[in-house]
Amino acid sequence: MKYKNIREEELKNKVGVDWFKDFDTTEIIGNIDFTVFPGQMTSFGRTPLLWAEAKTGNFDISTMFVQLVLTIGKARTFDKMLPPAFLGVFDFKKIAFVPYISIQDFFYQNDFNWNVTPSNHETKEFKLIKERIEKTLEKDSNIYDYEKDEKELKIFIKNNVAKATEVSKIKIDKNNFIPIYLRWLETIKPNIDVNWDDLKKANILDSDFYLADLFVDDKDTQKIDDDTTVRDNLFVVFQNQGYRIAKENIKQMFDATINIKNTSLYQQFWKRYKRPPIKEFQNFIIERRDLLVPQDIRERKGAFFTPQKWVELSQKYISDYLGEDWQEEYYVWDCAAGTGNLLAGLTNKYHIYASTLDQADVNVMHERIEHGANLLQNHVFQFDFLNDDFSKLPQSLQDIINDEQKRKKLIIYINPPYAEHGNRATFAGEGEHKSSVANTSKVYERLSKTVGTATRELFAQFFLRVHDEIASCHLASFSTLKFVNSQNFLKFRQHFKGEYQKGFICKANTFDNVKGNFPIGFLIWDLSKKNEIKEVETDIINENSEYIGLKSFYAFGPKDFISSWLRKFYDNEDKEIGFLILPGVDMQQQNGVYLTAQPTESDIKAHKTAKITKNNLIEMSIYLSIRIVIEPTWLNNRDQFLHPNQKWITDIEFQNDCLAYSLFIGQNRITSKHSINHWIPFTEQEVNAQEKFASNFMTRFMQGKLKPDENQTQMLFQNEQQLGVYDFKPLEFSDEATAVFNAGRELWKYYHAQKDIEVNASLYDIREYFQGRNDKGRMNAKSNDEKYTELIGELRSNLNALAEKITPKVYEYGFLKL
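Since we're looking at a predicted model, the values are computed, not measured.

### Description of the overall build of the protein
For the protein, the helix and strand inventory stands at 33 helices and 22 strands. Long-range pairs, those at least 24 residues apart, make up 69% of the contacts in the protein with a sequence separation of at least 6.

See below:
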């Protein structure tokens, strides 16, 4: 075989030299293994020709393509740069190509979880993409053996890959108009001879010039297919090799043609695209111009498009609550209106008000009014809800707010912006603080000290101002559910009072530009009734707008969370055998809970660690186990782990099950590399060890030979009637736990039969030994050792059975609440 028995990096280098020597194969794009670019740089950059997945060995082509698609989709690489003409995969024997255009629709599925590990072949997402890939490969692929098809492969590269940028112009559609815009920003925007600051004051954005460029033909002549909706919503038009402002109220300020500095550069850029956009997508592009606004600005403005199906359903819920004639009796104010799509379907324009932070959005709504939108011009206005005084409101709306009886007939109907001073990525160490987003408003200044961390979030600031300054109104809003049950919203719930009426939840990723697998709720509140939030029961609506059941969310006090239970067992006196890493207390933090021998400095500084000693091993094992035995879903993502009842104390089998589970689960990341491994669950004789272990702590503990310190035990357990948790007898394990130990023992035996091993290896060390690490330092998901694969598979199967046994007890003992 041409490239047999070489490492992946060497394979990529050789393929680059042997087949793509006339191209640039040195560029690294995220986690994509191999890229091909034209050898020569043009004045406006380069378009990628090929993104490819590389594998050593002889791999199934469709499997390699699936991994590539998941890698691209997870990073959304196609959103950040123009995609290539081809995707490819290769191993030591063969190489295959598919046109990118034949699979690009894969990346625009709404209901798809791109956060799975691309190398995990067992996920439902991997299998779903594989099924679609196989159908695509049947009709649109080119596969070549390096040796048998050498001549044909060279011809394909020469006539297809090399000429990819010349084959045909890229058609502009709803999927690629944003990546093209990002390229336009780099190349064309600096080439436009205009003072952008002056335009910004007039609410003309660079995206308006981009739209002007889109809606011309190949001869740079305005081309809109006689669609007045498109024409009337272009704020800038392309004329006479330049731009003119088309807005009636400001075009006299910019009467002259705005010139292009380098027309040759402009023409070269647009030679790659077929303009105007495909006709069926033209209105979509105009209507979704909000997507061309930078992400941070959109978060502040709340420019997140509410899907029409949720708009319609939310209005049905309001109607069910207030009666079918509610629009005649009640007033509606959307104070985070964006371009007003939440108000579509409402009929009584005399009772509707819409305000938004950005004047450009107001302009869009005013234009829609001119073309039939059911709103009043003077009821649509610019207003910064988190900063402006209510004296700026239209007098008719002030009259409603200032009249107690009318105020009871006012509905604040919103999908407020979701941005926070420290977002979840920040707390996970992956993002940056948005210090200018949520901590500069007057609401934040007024309430941050009394309401606490909740004021970091803009939607909470909207809720707080409505609650405090429009008392007795109705609040009907989309938002996350964290204000109901999160530990960070304890002070918020003490401040915010109201009576919940009804609502529904749906998946967050059905909303544009909202990532993550969690619920978004639409909840209706009567703020005239000052009740504490205790429980919110919602309808569950799936992505097809179908009712599938009920889900309750509970408000908890500071002593109700599991952290207050675990603190009772902290032991800072005895010698540690490891550390438990403690993230937040909701289900979404599951992957952040694990055991380690050496915590990071940042975890220690953030107080996210707990020492594990012989005095608290059982409780720490319970905590780890109950946190990870239940699979996270979008429905339970925000569920909070709680202080349990007393029943767990006398259930010795449950305690021992949790210890067994903790010893063998993947989130036990104890390693012998940094300190003595106290977590070996077998004796030397049981696994035919090659040397004596440095520590027999775990087997001695399970045999009842390690007794907790008497004084320390009394201190730890003084608030718990723990009968039998530490009775100093050998531990007895259930059949399910015993099966886990049996499977683990066989794995340890097989490891100790190998050469050049670390005798004190932990389970994590054993996995690393057989699975190895990739060139990025990450542990591989699989091993080439068939026997190991069989043994680890058997262990995981028995762990799953043990998890099923533990799961009901999690709810029975109150660690979670249904």
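And the narrative resumes.
### Topic: the pattern of salt bridges
Per the stated rule, a full pass over the model turns up 31 salt bridges. Where lysine 154 meets glutamate 150, a salt bridge forms, and the shortest distance between an N and an O atom there is 3.3 Å. Taken together, the positions of lysine 154 and glutamate 150, both in helix 5 (residues 150-161) and 4 residues apart, correspond to about one turn of that helix. Lysine 154 gets classed as partly exposed once you look at its relative accessible area, which sits at 46%. In this structure glutamate 150 comes out as partly exposed when scored by relative accessible area, which is 38%. As a salt-bridge pair, arginine 773 and glutamate 768 come within 2.6 Å of each other at their nearest N and O atoms.

### Some remarks on the nonpolar core
The biggest cluster of nonpolar side chains holds 78 residues, and the ones touching the most others in it are Leu580 and Phe664. Top element by residues in this core is helix 33 (residues 786-812). It accounts for 9 residues. Excluding residues that lie within four positions of it along the chain, leucine 580 makes contacts with Leu566, Val593, Tyr594, Leu595, Lys608, Thr609, Ala610, Ile612, Met620, Tyr623 and Leu624. Ile412, Ala460, Phe463 and Val466 belong to the second-largest nonpolar core, a separate cluster that totals 48 residues.

### Overview of helix 20 (residues 442-451)
Taken together, the buried positions of helix 20 are Val443, Leu447, Ser448 and Val451. For helix 20, the buried positions fall inside an angular range of 130° around the axis, keeping them on one side. Those residues of helix 20 that are exposed and aimed more than 90 degrees away from the buried face are Lys442, Glu445 and Lys449. In this fold, the buried residues of helix 20 make contact with helix 21 (458-469) and helix 23 (490-495). In the stretch just after helix 20, glycine 452 is the one whose phi turns positive, near 80°.

### Quick notes on the confidence of the model for the protein
With 87% of its residues at a pLDDT of 70 or more, the protein has an overall mean of 85. Note on residues 712-724: pLDDT under 50 across the span, and 31 contacts to partners over four residues away in sequence or across chains.

### Topic: the pairing of strand 20 (residues 578-581)
Burial along strand 20 is two-sided: the residues Gly578 and Leu580 and Phe579 and Ile581 are all buried. In this structure, strand 20 lies alongside strand 22 (residues 609-612), joined through 4 bridges in antiparallel fashion. Following the sheet pairing, glycine 578 is matched in strand 22 by isoleucine 612. Bridge count for strand 20 against strand 21 (residues 594-596) is 3 bridges, and the pairing is antiparallel. Along strand 21, the bridge assignment pairs phenylalanine 579 with threonine 596.

Conventions and cut-offs
- For every chain, the first residue of its written sequence is number 1, and the numbers climb from 1 along that sequence.
- pLDDT decides what is reported in this predicted model: residues at 70 or higher carry local features, side-chain atom pairs at 80 or more are listed and counted, and totals for whole chains, interfaces and linings draw on all residues regardless.
- Heavy atoms throughout the structure, all of them, feed into the side-chain values; hydrogens and water do not.
- A run of DSSP states H or I qualifies as a helix once it reaches four residues; a run of E qualifies as a strand once it reaches two. Both are numbered from the N-terminal end.
- The contact definition used throughout considers only heavy atoms, calling two residues in contact when any of these lie within 4.5 Å.
- When a carboxyl oxygen of Asp or Glu is within 4 Å of a side-chain nitrogen of Lys or Arg, the pair counts as a salt bridge.
- Burial status follows relative accessibility: with a 1.4 Å probe on protein chains alone, a residue under 20% of its type maximum counts as buried, one over 50% as exposed, and anything between as partly exposed.
- By convention a nonpolar core is built from buried Ala, Val, Leu, Ile, Met, Phe, Trp, Tyr and Cys residues, the set being connected through side-chain atoms within 4.5 Å.
- In this description, one arc is meant: the one made by directions from the helix axis to the C-beta atoms.
- Every residue is assigned a pLDDT by the predictor, reflecting its confidence on a scale from 0 to 100.
- When DSSP finds two or more bridges between two strands, those strands count as paired.

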